[in-house]
Amino acid sequence: MRYLLKITALSAALLLSACQELPDYLVGDNTVARVGRKELRMSELEHVVPQALGSADSADFVSMYIDKWIAKQLKLEEAELIFSESESDIEAKVEEYRQSLLIRKIEQYYLDTEAVPDVTDADIEAYYNAHKADFRLDKTIVKGRIVSFSSKYRQRDRLFEMMKSQKASTQKEFKDICVKNNFNLHEFTEWSDFTDFLAQLPTLRSRNYDSMLTDSNVHKMEADGITYYYQITAVRNKGEVRPLEMASETIRRVLKTHRQGEAIKAHEEMITHQALKNGHARIYTKEENSSAN
C-alpha cells in the first residue's frame with residue numbers, strides 16, 4: 001500500500017513539474033528505487049514520463065518503469081555473475097562495436113562535407129556497355145498491351161483494326177474509345193515479366209505460349225464472353241542482356257558506393273600522410289623493434 005502511495009505521489013509530482021518548478025525536496029536527485037549499488041533517481045523519471053498523461057496513467061507508467069528498471073538491474077547483476085569469466089571478451093566486443101560506430105560516423109561525416117562526384121547518365125551507360133555480361137536476364141521480359149471487353153461490343157472489328165494502325169491519331173482515338181466504354185486497357189510500357197503479361201489473358205498453365213514472342217502483330221482471344229486483343233511490341237529473352245533502363249538504378253548504386261569508397265580512402269591516405277609527417281604516427285622497422293628489445 002505504501003508502495004502504491006509513493007508511486008502516486010511521484011506521478012503527481014512529475015505532472016506538476018511540467019507546469020511549475022518542483023519543491024526543493026523533489027528537485028534533488030532523490031532515490032526512487034535501488035538494486036545493490038545502482039539507484040534510480042527522480043531526475044531520470046522526470047525525463048521519461050510523458051507530459052500528456054493524466055495522473056492515473058502517469059502513476060501506472062511510473063510503476064511499470066520502476067518494475068522494469070529493477071528487473072533490468074537484476075538481470076545485469078545475474079549476467080555479470082554467471083558470465084564473469086567471459087567479461088573481458090564482452091568488453092572487447094563492446095569496445096569493437098563502439099569503435100565501428102565511431103568509424104561509420106566519421107566516414108559519413110567525410111561524405112557529407114566533401115564533394116563526391118555525382119553519377120551521371122553517361123557514367124551509367126559507360127559502365128553498362130563495359131559490363132554487359134553481368135546483366136543477363138534470368139527470365140523473358142516484354143512490352144506490349146492488352147485490351148479486354150464484352151464480346152457483345154458491336155464495333156469490335158473496327159477496334160481491332162484501330163489497334164493495328166501505325167497512325168498516332170488513330171491510336172489516340174483507340175485509347176479514347178477504350179476510356180469512353182470503360183474497357184480494360186493494360187499497357188505494358190515498361191519491361192515486364194512475360195508471365196505477368198500472360199496472366200492478363202485467358203491462358204492455360206499447361207500450355208506453352210513462347211510462339212507469341214516472335215510475333216508483334218495484334219491477336220485476339222475469347223473466353224467466357226470476353227474478347228481480348230493483345231500485342232507484344234518488344235521482347236528480351238532469358239539469357240539476353242538486361243535493358244539499360246532496368247539496370248540503371250543498380251549501376252547507379254554500384255558507382256555511388258564505389259565513389260564513396262574512393263572518397264573515404266583518399267581521406268584516410270591524407271590523414272595518414274599528415275600524421276606520419278608530423279610525427280603523430282610512426283611505423284617502426286624490424287631493426288628498431290630489435291634494438292628496443
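Residues numbered from 1 in each chain as written. Predicted model: local features only at pLDDT ≥ 70, side-chain atom pairs only at ≥ 80, totals over all residues. Heavy atoms only, no water.

1. Description of unusual backbone geometry
Consideration 1: At Asn-182, a position not held by glycine, the phi torsion is positive, near 60°.
Consideration 2: One non-glycine residue, Asp-224, lies in positive phi territory at about 55°.
Consideration 3: Tracing the chain through its elements places Asp-224 in the loop between β5 (219–223) and β6 (226–236).
Consideration 4: On the accessibility criterion, Asp-224 (81% relative accessible area) is exposed. (Helix = DSSP H or I, 4+ residues; strand = E, 2+ residues; numbered from the N terminus. Buried < 20%, exposed > 50% of the residue type's maximum accessible area, 1.4 Å probe, protein only.)

2. A closer look at the pairing of strand β1 (residues 31–35)
Consideration 1: Direction of pairing for β1 relative to strand β2 (residues 38–41): antiparallel, over a ladder of four bridges. Bridge assignment links Thr-31 to a residue of β2, and that residue is Arg-41.
Consideration 2: Two successive antiparallel strands, β1 and β2, enclose a turn made up of two residues, where Gly-36 displays a positive phi of approximately 60°. (Pairing = 2+ DSSP bridges.)

3. As for the packing of helix α5 (residues 87–113) against helix α10 (residues 244–278)
Consideration 1: At a closest axis distance of 10 Å, the pairing of α5 and α10 adopts a crossing angle of 105°. Compared by their axis directions, α5 and α10 come out roughly perpendicular. Between α5, through Glu-107, Tyr-110 and Leu-111, and α10, the contact on the second element is made entirely by Gln-260, Ala-263, Ile-264, His-267, Glu-268 and Ile-271. (Axes fitted to C-alpha atoms, helices over the stretch in contact; angles between N-to-C directions. Parallel < 35°, antiparallel > 145°, perpendicular 65-115°, else oblique. Contact = heavy atoms within 4.5 Å.)

4. Brief notes about the packing of aromatic side chains
Aromatic rings in a pair are described by how distant their centres are and how their planes are angled relative to each other.
Consideration 1: All chains considered together, the criterion is met by eight aromatic pairs.
Consideration 2: Centroid distance Tyr-153 to Phe-183: 5.0 Å. Interplanar angle 80°. Geometry classified as edge-to-face. Placement of the pair is Tyr-153 in the loop between β3 (141–150) and α7 (156–164) and Phe-183 in the loop between α8 (168–180) and β4 (184–193), with a sequence separation of 30 residues.
Consideration 3: For Tyr-153, a relative accessible area of 17% puts it in the buried group.
Consideration 4: You can call Phe-183 buried: its relative accessible area is 14%.
Consideration 5: Taken together, a centroid distance of 4.9 Å and an interplanar angle of 75° make the contact between Phe-160 and Tyr-229 edge-to-face. (Phe/Tyr/Trp six-rings, centres within 6.5 Å; stacked < 30°, edge-to-face > 60°.)

5. Regarding a negative patch on the surface
Consideration 1: A grouping of Glu-77, Glu-80, Glu-87 and Glu-91 is seen on the molecular surface, where their side chains present a negatively charged patch.
Consideration 2: The residue Glu-77 is located in helix α4 (residues 55–82) in this model.
Consideration 3: Judged by relative accessible area, which is 36%, Glu-77 ranks as partly exposed. (Patch = residues over 30% accessible without salt bridge, like charges linked within 9 Å, V, L, I, M, F, W, Y side chains within 5 Å. Areas by Shrake-Rupley, 256 points an atom, 1.4 Å probe, with all protein chains shown as cover. Salt bridge = Lys/Arg side-chain N within 4 Å of Asp/Glu carboxyl O. Lys, Arg positive; Asp, Glu negative; His and termini not counted. Charge placed at Lys NZ, Arg CZ, Asp CG, Glu CD.)

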